[in-house]
Amino acid sequence: MELRLPANFFMGAAMSGPQTEGAYKTGGRLESIWDTWSDQSISDFYNKVGSYVGNCFYEKYEEDIKLLKSLGLDSFRTSIQWSRLMDKNQKVNPQGADFYHRVCACAKEHHMELFMNLYHFDLPSYLLDRGGWESREVVEAYAVYARAAFREFGKEIRYWFTFNEPIVEPDQRYRVGYWYPFIKNARRGLLVQYHISLAHCLAVAEFYKAKEEGYLLEDAKIGLINCFAPPYTKENPSPEDLEAVRMEDGINNRWWLDLVTEGRLPEDVLDTLRARGMEVPMRPGDEEVLKMGKVDWLGFNYYHPSRIQAPARGTDENGDPVFSDPYVWKEAKMNVYRGWEIYPKGIYDFGMKMKEQYPNLSFFISENGMGVEHEDRFRDENGQIQDDYRIEFVKEHLEWIFKAIQDGAQCKGYHYWGLIDNWSWNNAFKNRYGMIEVDLSGGYERKLKKSAAWIQKVIADREK
Ligand code: BGP
């Protein structure tokens, strides 16, 4: 396939506040859930590197934005940290606001379109103490925060997103319990998922209110970003395997897709949950809130597909239903450092699914990237990391994106995740994603890897 970027196709970088900013105590920033976890159990983090420093974006944002621009990129996403922007009285912290105003001004000066996300797994800790996403109080607090952000930065940001991967915290913190506060309870996971859905809807409503009241740019857009991992099962599936796909797809993907296109949750999924004793705790008035969740477009984070089969057992240790088990596809090509399958065609399949089932909703690839451990091995004699594996990874994914566009998918752009090496949650700096290296022992200095020149050329050769 020929690799030629279409005209009018965003090419940019994705990052998040909590993984890049650092400066965790600067300017009255509140403690976030990552800081609390880091303080309580630093050995849970790779090489004992907690949430404190990020990649120094707080100090280096100007240098970073210029670097991204120098590669030819036209846009980047980051997130506002709730813990930086707001104080505990739910008022804007002027010092936090000042930082994001400076980032916006710098992006504007360098003609970089800024995509701003409001939440990237980073709850302020005082709200976890009040019940976290299990509490309606937090849902309401999030709406207050979103409202404040729209009003504060409305004239500086065009592309807004309510949440990054709203499925991840219900899973990682509550169902699987791999992340702090380590809850292993499907019921509580469902409650969190539902509350985050309501929070999304309230934020969208705030967005439209702010627009109506003239706080936003006229062409401002609101979106949601999720990892809509396309589900696949065995080649000759049993009806039970297909049922596993329906529920996996239902809870991870259709839940959000139906919400943002139709303003409701998928009935078949709610029915099955109910029949298996898992009632979504809807209250009077919630239906009206859900109706407000429709967005202008979507971000699709794609790293790997989801391969599943019928579960070996119907219930877990709490007696709650299990809907699927992982399925190991023997031909899978793996990113062994992250344990994720590399399957570029998944991006095409998602594009086709969108075209058929949600034809009115456009999307862009909001994250895609490859994290590799010990990249030092790949330095050449000049000290530059020769990351040919990353070039191949991105090239293959771009090719499938362009094929999807040719076949009618409404994909509007591509953001590479972690274009500048960043802090990967409890994996810290284990797997590096960047096309730009961050030298942890050298003052967090930025150095181009081989892939940086490659992407620069791909962009320069784009259709005009
Ligand atoms: C996505 C998250 C990002 C990023 C990425 C890579 O799910 O939105 O925040 O971290 O995955 O994953 P990791 O950093 O865990 O390797």
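Quick summary incoming for the structure in this document.

Conventions adopted
Residues numbered from 1 in each chain as written. Predicted model: local features only at pLDDT ≥ 70, side-chain atom pairs only at ≥ 80, totals over all residues. Heavy atoms only, no water. Core = buried A, V, L, I, M, F, W, Y, C linked by side-chain atoms within 4.5 Å. Buried < 20%, exposed > 50% of the residue type's maximum accessible area, 1.4 Å probe, protein only. Helix = DSSP H or I, 4+ residues; strand = E, 2+ residues; numbered from the N terminus. Contact = heavy atoms within 4.5 Å. Phe/Tyr/Trp six-rings, centres within 6.5 Å; stacked < 30°, edge-to-face > 60°. Near = heavy atom within 4 Å. Polar contact = N/O pair within 3.5 Å; in protein donor to acceptor, adjacent residues only side chain to side chain. Areas by Shrake-Rupley, 256 points an atom, 1.4 Å probe, with all protein chains shown as cover. Nonpolar A, V, L, I, M, F, W, Y, C, P; charged D, E, K, R; others polar. Disulfide = S-S within 2.5 Å. Arc of directions from axis to C-beta. Pairing = 2+ DSSP bridges. Axes fitted to C-alpha atoms, helices over the stretch in contact; angles between N-to-C directions. Parallel < 35°, antiparallel > 145°, perpendicular 65-115°, else oblique. Left-handed = near helix turned anticlockwise from the far one by under 90°.

Things to note about the nonpolar core
Taken as a class, soluble globular proteins show a tendency for nonpolar side chains to be buried jointly.
Okay, step 1: Formed by 147 residues in total, the largest nonpolar core has its most connected members in Phe76, Ile80, Trp82, Trp133, Tyr142, Trp160 and Leu273.
Okay, step 2: Sorting elements by how many residues they give to this core places helix H9 (residues 186-212) first, with 12 residues.
Okay, step 3: Among residues more than four places away in sequence, those in contact with Trp82 are Tyr119, Asp122, Leu123, Pro124, Leu127, Trp133, Val138, Ala141, Tyr142 and Tyr145.
Okay, step 4: Counting residues in hydrophobic clusters, the runner-up holds 7 residues, among them Phe115, Phe161, Ile225 and Trp297.

As for the packing of aromatic side chains
Okay, step 1: Within the structure shown, the criterion is met by 57 aromatic pairs.
Okay, step 2: Consider the rings of Trp34 and Trp423, whose centres lie 5.8 Å apart with planes at 90°: the pair is edge-to-face. Of this pair, Trp34 sits in helix H2 (residues 33-40) while Trp423 sits in the loop between strand S14 (411-417) and strand S15 (431-432), and the two are 389 residues apart along the sequence. There is no split in this pair, since Trp34 and Trp423 are both buried.

A few points about unusual backbone geometry
Excluding glycine, residues mostly have negative phi values, and the peptide bonds linking residues are mostly trans.
Okay, step 1: In this structure, the amide linkage connecting Tyr180 to the following residue, Pro181, adopts the cis form with an omega of 10°.
Okay, step 2: Mapped onto the elements of the fold, Pro181 is located in the loop between helix H8 (168-175) and H9.
Okay, step 3: The residue Gln90 is not glycine, and still its phi comes out positive at about 65°.
Okay, step 4: Structurally, Gln90 can be placed in the loop between helix H4 (82-85) and helix H5 (94-109).
Okay, step 5: Positive phi, close to 50°, is recorded for His374, a residue that is not glycine.
Okay, step 6: Within the secondary structure layout, His374 lies in the loop between strand S13 (372-373) and helix H14 (388-406).

Focus on the site of the ligand
Okay, step 1: Every one of the 13 residues lining the ligand counts as a neighbour, but Gln19, Glu165, Arg338, Ser424 and Tyr433 are closest to it.
Okay, step 2: Take Gln19: an N or O atom from its side chain is 2.8 Å from an oxygen atom of the ligand.
Okay, step 3: With respect to the ligand, the side chain of Glu367 contributes an N or O atom lying 3.0 Å from an oxygen atom.
Okay, step 4: Coverage of the ligand by the protein amounts to 93% of the 380 Å² it exposes when considered alone.
Okay, step 5: Across the shell around the ligand, the residue classes tally to 5 nonpolar, 5 polar and 3 charged.

Focus on the state of the cysteines
Okay, step 1: Overall, the coordinates contain 0 disulfides when judged by the stated rule.
Okay, step 2: Note on Cys56: no disulfide assigned, nearest cysteine sulfur contributed by Cys106 at a separation of 16 Å.
Okay, step 3: According to the relative accessible area criterion, Cys56 is buried, its value standing at 11%.
Okay, step 4: We note that Cys411 lacks a disulfide partner, and the nearest cysteine sulfur, in Cys227, lies 16 Å from it.
Okay, step 5: You can call Cys411 buried: its relative accessible area is 7%.

A few points about helix H15 (residues 450-460)
Okay, step 1: Buried within H15 we find Ser451, Ala452, Trp454, Ile455, Val458 and Ile459. The buried side chains of H15 occupy one side of the element, clustering within an arc of 160° when seen end-on.
Okay, step 2: Tucked into the core, H15 has its buried residues touching strand S1 (10-14), H14 and strand S17 (445-448).

Some thoughts on the sheet that holds strand S4 (residues 159-164)
Okay, step 1: With parallel pairing, 8 strands are arranged side by side around a closed barrel as S1-S2-S3-S4-S5-S7-S12-S14. The sheet shows a mean angle of 25° between the axes of neighbouring strands, taken without regard to direction.
Okay, step 2: Across the sheet, H9 touches S4 and strand S5 (221-226), and the angle it forms with S4 is around 165°.

Some details on the sheet that holds strand S6 (residues 231-232)
Okay, step 1: Taken together, the 3 strands give an open sheet; going across it, the order is S6-S8-S9, and neighbouring strands pair in mixed fashion. In this open sheet, the two strands that pair with only one neighbour each are S6 and strand S9 (325-326).
Okay, step 2: Of the pairings in the sheet, the one linking S6 to strand S8 (residues 306-309) comprises 2 bridges and is parallel in character. Its bridge partner lying in S8, Pro231 is registered against Ser306.
Okay, step 3: On top of the sheet, helix H10 (residues 239-262) reaches S6 and S8; it is set at about 135° to S8, its chief contact.

Observations concerning the packing of helix H13 (residues 345-357) against H14
Okay, step 1: The N-to-C vectors of H13 and H14 enclose an angle of 20°; their axes lie 8 Å apart at closest approach. As the angle between them shows, H13 and H14 are arranged roughly parallel. The crossing of H13 and H14 is right-handed. Here Lys345, Ile347, Tyr348 and Met352 of H13 lie close against H14, whose contacting residues are His397, Trp400, Ile401, Lys403 and Ala404.

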